[in-house]
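Reading the structure
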Amino acid sequence: FRSRPLMHRTFLFPLQTAAKTTDVYYMRFQTSSSMNLVLSAVDPDTFRVENDHEAALLWMYYGIMILMIFYNCFVFAVMRSPSYFYFIVHAVFLLIFTTGTSGIAYRYFWPDYPWWANVAIPFSLGLLAAALLQFGRYFLKLPRMTPFFNRVYLLLIALNILAGLSGLVLEYRYSIVATAGLAAGSVFVGAGVCLPYLAIFKGSREARIAILAFLIFLGFTFLNILSVFGILPSSRLTEFGYQFGSA
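Computed from a predicted model, the values in this text were never measured in an experiment.

**What to know about the packing of aromatic side chains**
Under the counting rule described, the total for this entry stands at 16 aromatic pairs. When the ring of Tyr 197 is compared with that of Phe 201, the centres are 5.6 Å apart and the planes differ by 40°; the resulting orientation is tilted. Taken together, the residues span about one helical turn, with Tyr 197 and Phe 201 both in helix α7 (residues 172-201) at a distance of 4 residues. Given the relative accessible area of 29%, Tyr 197 is considered partly exposed. Phe 201 sits in the exposed class, given a relative accessible area of 63%. Linked through ring pairs, Phe 93, Phe 109, Trp 110, Trp 115, Trp 116 and Phe 123 together constitute an aromatic cluster. A cation over a ring is seen here: Arg 107 above Tyr 108, with NZ or CZ 4.8 Å from the ring centre. Taking NZ or CZ as reference, Arg 137 lies 5.7 Å from the ring centre of Tyr 138, over its face.

**Considerations on the side chain of Ser 204**
In this fold, Ser 204 is placed in the loop between α7 and α8 (205-228). Those residues in contact with Ser 204 that lie beyond four places of it in its chain are Met 145, Leu 198 and Ala 199.

**A word on the confidence of the model for the protein**
A residue-level look at the protein finds 88% of positions with pLDDT of 70 or above and a mean pLDDT of 82. For the protein, the element scoring lowest by mean pLDDT is helix α9 (residues 236-239), at 65; helix α6 (residues 147-166) scores highest, at 92.

**Re the packing of helix α1 (residues 44-79) against helix α2 (residues 82-102)**
Taken N-terminus to C-terminus, the directions of α1 and α2 make an angle of 165°; their axes are 9 Å apart at the nearest point. By the angle between their axes, α1 is roughly antiparallel relative to α2. In this structure, α1 crosses over α2, and the sense of that crossing is left-handed. Along the contact surface, α1 presents Tyr 61, Tyr 62, Met 65, Ile 66, Met 68, Ile 69, Asn 72, Cys 73, Val 75, Phe 76 and Met 79, while α2 presents Tyr 84, Phe 85, Phe 87, Ile 88, Ala 91, Val 92, Leu 94, Leu 95, Thr 98, Thr 99 and Ser 102. Partitioned by chemical class, the residues of the contact of α1 with α2 number 18 nonpolar, 4 polar and no charged.

**A short note on helix α4 (residues 114-139)**
Here α4 is 26 residues long and its end C-alpha atoms lie 37 Å apart, about the 38 Å a rise of 1.5 Å per residue gives. At Ala 120, α4 shows its maximal kink, close to 30°; a proline, Pro 122, follows between one and four residues later. Just past α4, the residue Lys 141 takes up positive phi, approximately 55°.

**Topic: unusual backbone geometry**
Phi at Arg 80 takes a positive value of approximately 60°, unusual for a residue other than glycine. Inspection of the secondary structure assignment puts Arg 80 in the loop between α1 and α2. One non-glycine residue, Lys 141, adopts positive backbone phi at about 55°. The exposure class assigned to Lys 141 is partly exposed, which follows from its relative accessible area of 33%.

**Points about the packing of α2 against α4**
In the contact formed by α2 and α4, the axes pass within 8 Å of each other and the chain directions differ by 155°. With respect to each other, α2 and α4 are oriented roughly antiparallel. In this structure, α2 meets α4 at a crossing whose hand is left-handed. Looking at the contact of α2 with α4 residue by residue, the classes come out as 19 nonpolar, 6 polar and no charged.

Basis of the calculations
- Residues numbered from 1 in each chain as written.
- Predicted model: local features only at pLDDT ≥ 70, side-chain atom pairs only at ≥ 80, totals over all residues.
- Heavy atoms only, no water.
- Phe/Tyr/Trp six-rings, centres within 6.5 Å; stacked < 30°, edge-to-face > 60°.
- Helix = DSSP H or I, 4+ residues; strand = E, 2+ residues; numbered from the N terminus.
- Buried < 20%, exposed > 50% of the residue type's maximum accessible area, 1.4 Å probe, protein only.
- Lys NZ or Arg CZ within 6 Å of the ring centre and 35° of its normal.
- Contact = heavy atoms within 4.5 Å.
- pLDDT = per-residue confidence, 0-100.
- Axes fitted to C-alpha atoms, helices over the stretch in contact; angles between N-to-C directions.
- Parallel < 35°, antiparallel > 145°, perpendicular 65-115°, else oblique.
- Left-handed = near helix turned anticlockwise from the far one by under 90°.
- Nonpolar A, V, L, I, M, F, W, Y, C, P; charged D, E, K, R; others polar.
- Expected span 1.5 Å × (residues − 1).
- Bend = angle between axes of the 7 residues up to and from the residue.

This is the structure we're talking about:
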């Protein structure tokens, strides 16, 4: 990270161009994962204003996440409910994941460890998905409401943990596909199959609440996924889809 010409979470290059002239620049890009390049040239004053606004939104979100983690820690200490513990674990790994994808973690927490900066993304994605499924087991009372889906959730939890751990040994392009694919499949089974079943056939109030929360989160997450794979153009809405949806 310290080899970058400007210390910023994204890639910035200072350019000097004389007035009323045309310059040609050649750039070469290489990555082991998906690539979504958005090139723009701005003057320093405009960049500082835009960067300040963007940083304020990001740190506001991270502050909300940290407060939520501490609040649930307090509730867990009082109530001793396992669902709060697994929600805390999910929120912690979600925070690691979002700071990793936004470049904040690489900028402030591990700038000298590029290997971990790549590994942390699939690693945290697999574990946040597993923790969310485990939270869902307790919140939805699956062992009592539907033993079949309870076993399905346990299987998905194990697979997501293995996918997350694969980031420690596999190349990024393979581990991110494994974790993202399993996370998407888990969401489909959980939100697309299990929750409607509980809401319609079991009359579960918790399932109806979870459906609403999942729809909001999945809508923003889907925009981010489409942007990562180059289907949608990059924007603040698509780039920070996880943040908007999870908040």
